[in-house]
Amino acid sequence: MARSLAERMHAHEQQKVRLAEEAAKLKDAERRARTRRLIEAGGLIEKAGLHDLDSNALYGALLSLRDGAGDKSQIEKWSAFGGRAFAREARQRDEGKEPIVLTFPAALDRVVTTALRAAGFRFNKVLQHWEGLARHDEAATLATAYGGTLRRVAADTATVPAEAAE
């Protein structure tokens, strides 16, 4: 049965609305991605210690970097240098930390869970304990203060295939 002109017009209007909604979603996703990238760039500028420069000096420095951005070998050098710096900072951040599990006899209030998260722990819903990389003395202080127990987890360097573990 042939559709009437009014039905076809209505279907066409619905399709236009769907396309407009999809276009709006894409535009929003692009805006979010751009915002995220700008925040990351600002964080990197701060991490590099350049956030104290006045706007003209910072802009000039970035323009001088732009001149080298077309050179593939220069970008590779920058990437290697940045990768080493990130790795060094991660090692320094994690130095003296070890895998630790904290167990508490009852549910904890928000103040305690916030303190645990700030110390580097996360709650494991399956095993019902707190786990993370932390300094032993800090973890022991938290466990003692809130009536919990602390267990060190040995770092297992050997990997066992899934078939062998069964």
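Here the structure is shown first, and the text comes after it.
A brief look at the structure comes next. Here the residue numbering is sequential within each chain, running from 1 through the sequence in written order. Confidence filtering applies because this is a predicted model: local features only for residues at pLDDT of at least 70, side-chain atom pairs given and counted only at 80 or more, and all residues used for totals across whole chains, interfaces and linings. Excluding hydrogens and water, the side-chain values take into account all heavy atoms of the structure.

1. Digging into the nonpolar core
Core analysis: the largest hydrophobic core is formed by twelve residues, namely Ile 100, Leu 102, Phe 104, Val 112, Leu 116, Ala 119, Phe 121, Trp 130, Ala 134, Ala 139, Leu 142 and Ala 143. Taken together, the elements giving at least two residues each to this core come down to strand 1 (98-103), helix 4 (110-118), strand 3 (129-134) and helix 5 (136-145). To qualify as a helix, a DSSP run of H or I must reach at least 4 residues; to qualify as a strand, a run of E must reach at least 2; elements of each kind are numbered from the N terminus. Broken down by element, this core gets its largest block of residues, three residues, from helix 5. Buried residues of nine kinds, namely Ala, Val, Leu, Ile, Met, Phe, Trp, Tyr and Cys, make up a nonpolar core once their side-chain atoms join them within 4.5 Å. Think of it in three bands: with a 1.4 Å probe and only protein chains considered, a residue is buried below 20% of the maximum accessible area for its type, exposed above 50%, and partly exposed in between.

2. Some words on unusual backbone geometry
Backbone geometry places Gln 128, a non-glycine residue, at a positive phi of 60 degrees. As for its position among the elements, Gln 128 is in the loop between strand 2 (121-124) and strand 3.

3. Structural notes on the environment of Phe 104
Residue placement: Phe 104 occurs in the loop between strand 1 and helix 4. C-alpha separation for the pair Phe 104 and Trp 130, spaced 26 residues apart in sequence, amounts to 8.5 Å. Residue contacts are defined here by distance: any two heavy atoms, one from each residue, within 4.5 Å place the two residues in contact. Other than its neighbours up to four places away in sequence, Phe 104 contacts Leu 116, Trp 130, Leu 142, Ala 143, Tyr 146, Gly 147 and Gly 148.

4. Remarks on the sheet that holds strand 1
A pair of strands counts as paired when DSSP detects no fewer than two bridges linking them. The antiparallel open sheet is built from four strands, whose spatial order is 2-3-1-4. Each end of this open sheet is capped by a strand with a single partner; those strands are strand 2 and strand 4 (149-152). Across the sheet, the mean angle from the axis of one strand to that of its neighbour is 25 degrees, orientation sign disregarded. Here strand 1 runs beside strand 3; their pairing, made up of five bridges, is antiparallel. Looking at the pairing, Val 101 lines up with Glu 131 of strand 3. For helices, the fitted axis covers only the stretch in contact; all axes are lines through C-alpha atoms, and the angles between them, taken along N-to-C directions, range from 0 to 180 degrees. Together, strand 1, strand 2, strand 3 and strand 4 form the strand contacts of helix 5, whose direction differs from that of strand 4 by roughly 155 degrees.

5. Observations regarding the side chain of Thr 113
With respect to the element layout, Thr 113 can be found in helix 4. Ignoring sequence-local partners within four residues, the contact set of Thr 113 consists of Leu 108 and Trp 130.

6. Some details on the pattern of salt bridges
By definition here, a salt bridge exists when the distance from a side-chain nitrogen of Lys or Arg to a carboxyl oxygen of Asp or Glu is within 4 Å. One pass over the structure, following the stated rule, counts nine salt bridges. Among the salt bridges present, the one from Arg 93 reaches Asp 94, with a minimum N-O distance of 3.3 Å. Residue class for Asp 94 comes out partly exposed when judged on its relative accessible area of 29%.

7. Details of helix 4
Buried within helix 4 we find Val 112, Thr 113 and Leu 116. Seen from one end, helix 4 has its buried residues packed into an arc of 95 degrees, which puts them on one side. More than 90 degrees from the buried face of helix 4, the exposed residues found are Arg 110, Val 111, Arg 117 and Ala 118. In this fold, the buried residues of helix 4 make contact with strand 1, strand 2, strand 3 and helix 5. Regarding the arc, it is the one traced by the directions from the helix axis to the C-beta atoms.

8. With respect to a nonpolar patch on the surface
Like charges within 9 Å and nonpolar side chains (Val, Leu, Ile, Met, Phe, Trp, Tyr) within 5 Å are joined into patches, using only residues over 30% in relative accessible area that form no salt bridge. Reported accessibility uses the Shrake-Rupley method at a 1.4 Å probe radius. Residues are deemed covered only where the shown protein chains occlude them. On the surface, Leu 62, Leu 65, Ile 75 and Trp 78 cluster together to form a nonpolar patch covering roughly 330 Å² of accessible area. Of all the secondary structure elements, the ones that give two or more residues to the nonpolar patch are helix 2 (55-68) and helix 3 (72-94). Leu 62 gets classed as partly exposed once you look at its relative accessible area, which sits at 37%.

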